[in-house]
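If you want the building blocks of each chain, they are given just below.
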Amino acid sequence: KLAPTVGALERASRKYHSLNRDAMKLINPKEGGLLMTCTCSGAMTQKNGGQYFLETVKGAALAAGRRLTLLRTSGAAPCHV
């Protein structure tokens, strides 16, 4: 987990931002592509009403100069709740 506690959120957010930004840059801008991104850090998905991770990914798309279309959000599997 990149954010095992709330105290680690800021650092984890920077790492998720970098990982997603770099992954988005690898997608051919002319052909487009599909990127699936996930987090198992509950702190990332619980902050700001569940929007913190999504905002981090949106910021990564902006930094990569890419348009982002969210196809689906999901949560933890029943065995992880």
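Source: prediction; values computed, not measured.

1. Thoughts on the overall build of the protein
The helix and strand tally for the protein stands at three helices and zero strands. Expected size for 81 residues packed as a compact globule is a radius of gyration near 12 Å; at 13 Å, the protein falls within 12% of this value. By principal-axis analysis of the C-alpha atoms, the protein measures approximately 40 × 25 × 20 Å. Taking all 81 residues of the protein together, the buried fraction comes to 22%. Put simply, 60% of the contacts in the protein that link residues at least 6 apart link residues at least 24 apart. Roughly 6100 Å² of accessible area belongs to the protein as shown, and the carbon and sulfur atoms make up 55% of that amount.

2. Description of the environment of Asn28
Inspection of the secondary structure puts Asn28 in the loop between helix H1 (9-25) and helix H2 (42-46). Looking at Asn28, its side chain comes within polar contact range of the main-chain nitrogen of Glu31, at 3.2 Å.

3. Some thoughts on the side chain of Asn20
Relative to the helices and strands, Asn20 is located in helix H1. The residues touching Asn20, leaving out its near neighbours within four places in the chain, are Leu35, Thr37, Val57 and Ala60.

4. Things to note about the packing of H1 against helix H3 (residues 52-64)
Where H1 meets H3, the axes come as close as 8 Å, and the angle between the chain directions of the two elements is 45 degrees. Judged on the interaxial angle alone, H3 and H1 are oblique. Crossing angle aside, the handedness with which H1 passes H3 is right-handed. Residue-level contacts link Leu9, Glu10, Ser13, Tyr16, His17, Asn20, Arg21, Met24 and Lys25 of H1 to Tyr52, Phe53, Thr56, Val57, Gly59, Ala60, Ala61, Ala63 and Ala64 of H3. Across the contact of H1 with H3, the residue classes break down as ten nonpolar, five polar and three charged.

5. A closer look at the pattern of salt bridges
Counted by the stated rule, this structure contains two salt bridges. The salt bridge involving Arg21 is made with Asp22; its shortest N-O contact spans 3.0 Å. Exposure remark for Arg21: the relative accessible area of 21% places this residue in the partly exposed category. By relative accessible area, which is 38% here, Asp22 ends up partly exposed.

6. Looking at the packing of aromatic side chains
This model, assessed by the stated rule, comprises one aromatic pair. Here the aromatic rings of Tyr16 and Phe53 are separated by 5.2 Å at their centres, their planes lie at 85 degrees, and the arrangement is edge-to-face. Of this pair, Tyr16 sits in helix H1 while Phe53 sits in helix H3; the two residues are 37 residues apart in sequence, bridging distant segments of the chain. Assessed through its relative accessible area of 8%, Phe53 is described here as buried.

Parameters at a glance
Residues numbered from 1 in each chain as written. Predicted model: local features only at pLDDT ≥ 70, side-chain atom pairs only at ≥ 80, totals over all residues. Heavy atoms only, no water. Helix = DSSP H or I, 4+ residues; strand = E, 2+ residues; numbered from the N terminus. Rg over C-alpha atoms; globule rule 2.2 N^0.38 Å. Buried < 20%, exposed > 50% of the residue type's maximum accessible area, 1.4 Å probe, protein only. Contact = heavy atoms within 4.5 Å. Areas by Shrake-Rupley, 256 points an atom, 1.4 Å probe, with all protein chains shown as cover. Polar contact = N/O pair within 3.5 Å; in protein donor to acceptor, adjacent residues only side chain to side chain. Axes fitted to C-alpha atoms, helices over the stretch in contact; angles between N-to-C directions. Parallel < 35°, antiparallel > 145°, perpendicular 65-115°, else oblique. Left-handed = near helix turned anticlockwise from the far one by under 90°. Nonpolar A, V, L, I, M, F, W, Y, C, P; charged D, E, K, R; others polar. Salt bridge = Lys/Arg side-chain N within 4 Å of Asp/Glu carboxyl O. Phe/Tyr/Trp six-rings, centres within 6.5 Å; stacked < 30°, edge-to-face > 60°.

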